[in-house]
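Analysis of the macromolecular model
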Amino acid sequence: MKVNAKYDQWQHEIVNNFAGRLSIRMTEGHADIALARRDLEGQSLEISSTTQAVTFITTVQQCKRKVKAWGPEVEVFRHGHMALSRHRYQFAADWLFVDQIDQEWAALNDVLDRK
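Residues numbered from 1 in each chain as written. Predicted model: local features only at pLDDT ≥ 70, side-chain atom pairs only at ≥ 80, totals over all residues. Heavy atoms only, no water.

**What about helix α2 (residues 50-86)?**
- Spanning 37 residues, α2 covers 53 Å between terminal C-alpha atoms, matching the ideal 54 Å at 1.5 Å per step.
- By the largest-angle criterion, W70 marks the main kink of α2, which is about 35°, and a proline, P72, follows within four residues.
- Looking only at α2, the buried set comprises F56, T59, V60, C63, V67, W70, V74, F77, G80, H81 and L84.
- Buried residues along α2 sit against α1 (2-41) and α3 (98-114).
- R88 sits one or two residues past α2 and shows a positive phi near 55°. (Helix = DSSP H or I, 4+ residues; strand = E, 2+ residues; numbered from the N terminus. Expected span 1.5 Å × (residues − 1). Bend = angle between axes of the 7 residues up to and from the residue. Buried < 20%, exposed > 50% of the residue type's maximum accessible area, 1.4 Å probe, protein only. Contact = heavy atoms within 4.5 Å.)

So this is what it looks like as C-alpha cells:
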C-alpha cells in the first residue's frame, strides 16, 4: 500500500514538473512565433530602395530559418499537451492551449508563404 502511494506521489510530481516546464516553453514559443509573424506582416513588398530590399529579404530568410527550428518544437508542444491530457492533468485557467499555438503557427506560415 505504501509503495503504491509513493509511486502515485512521484508520478504526480513528475507530471506537475513537466507541465510547468512545458507551460513556460509553450508561452515563450507562442510569443516568439507571434513576434516573427508581426515582423513579417510589417514588411512591405513595395520596396523603393536597396536598403528596404535587403531588410525585406533578410527578415524573410531569418523567419524561414526560425520556422525550420520551431517546427519540431511545435510538434513537441502537441505531444506534451496530449500526454498531460491522458494523465488527466488539471490545466490552470491561464494555460496556453496548443490550439492557440497551432493558430499562431498557421498564421505565421501563411504570411511567410505570401512573402
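**Describing the packing of α1 against α2**
- Where α1 meets α2, the closest approach of the two axes is 10 Å, and the angle between their N-to-C directions is 150°. The angle between α1 and α2 falls in the class roughly antiparallel. For the pair α1 and α2, the crossing hand works out as left-handed. Contacts from V15, F18, A19, L22, R25, M26, G29, D32, I33, A36, D39 and L40 in α1 reach T59, V60, C63, W70, E73, V74, F77, G80, H81 and L84 in α2. (Axes fitted to C-alpha atoms, helices over the stretch in contact; angles between N-to-C directions. Parallel < 35°, antiparallel > 145°, perpendicular 65-115°, else oblique. Left-handed = near helix turned anticlockwise from the far one by under 90°.)

**Observations regarding the side chain of H81**
- By secondary structure assignment, the location of H81 is in helix α2.
- Classification of H81 as buried rests on a relative accessible area of 11%.
- Excluding residues that lie within four positions of it along the chain, H81 makes contacts with L22, F91, W95, F97 and V98.

**A few points about the packing of aromatic side chains**
- Applying the stated rule across the entire model yields four aromatic pairs.
- With centroids separated by 5.3 Å and ring planes inclined at 80°, the aromatic side chains of Y89 and F91 adopt a geometry described as edge-to-face.
- With a relative accessible area of 23%, F91 lands in the partly exposed category.
- Aromatic side chains F91 and W95 sit 5.0 Å apart centroid to centroid with 50° between the ring planes, which places their arrangement in the tilted category.
- You can call W95 buried: its relative accessible area is 7%.
- Among the aromatic residues, those joined into a cluster by ring pairs are Y89, F91, W95 and F97. (Phe/Tyr/Trp six-rings, centres within 6.5 Å; stacked < 30°, edge-to-face > 60°.)

**Some details on the side chain of T59**
- The topology assignment puts T59 in helix α2.
- On the basis of relative accessibility, which here comes to 15%, the residue T59 falls in the buried class.
- Ignoring anything within four residues of it in the chain, the contact list for T59 reads D39, L40 and Q43.

**A short note on the confidence of the model for the protein chain**
- Put simply, the protein chain has an average pLDDT of 91, and 99% of its residues get 70 or more.
- Of all the helices and strands in the protein chain, α2 carries the lowest mean pLDDT, 91, while α3 carries the highest, 94. (pLDDT = per-residue confidence, 0-100.)

**Considering the pattern of salt bridges**
- As enumerated under the stated definition, the model contains eight salt bridges in all.
- Of the charged contacts in the structure, one is a salt bridge between E73 and R25, with a shortest N-O distance of 2.4 Å. Note that E73 is positioned in helix α2 and R25 in helix α1, a separation of 48 residues in sequence.
- Residue classification places R25 among the partly exposed positions, given a relative accessible area of 25%.
- Between E75 and R78 there is a salt bridge; the shortest N-O distance is 2.5 Å. On the criterion of helical spacing, the pair formed by E75 and R78 is a turn pair, its members being three residues apart in helix α2.
- According to the relative accessible area criterion, E75 is partly exposed, its value standing at 34%.
- Among the charged side chains, a salt-bridge network with shared partners connects R25, E28, D32 and E73. (Salt bridge = Lys/Arg side-chain N within 4 Å of Asp/Glu carboxyl O.)

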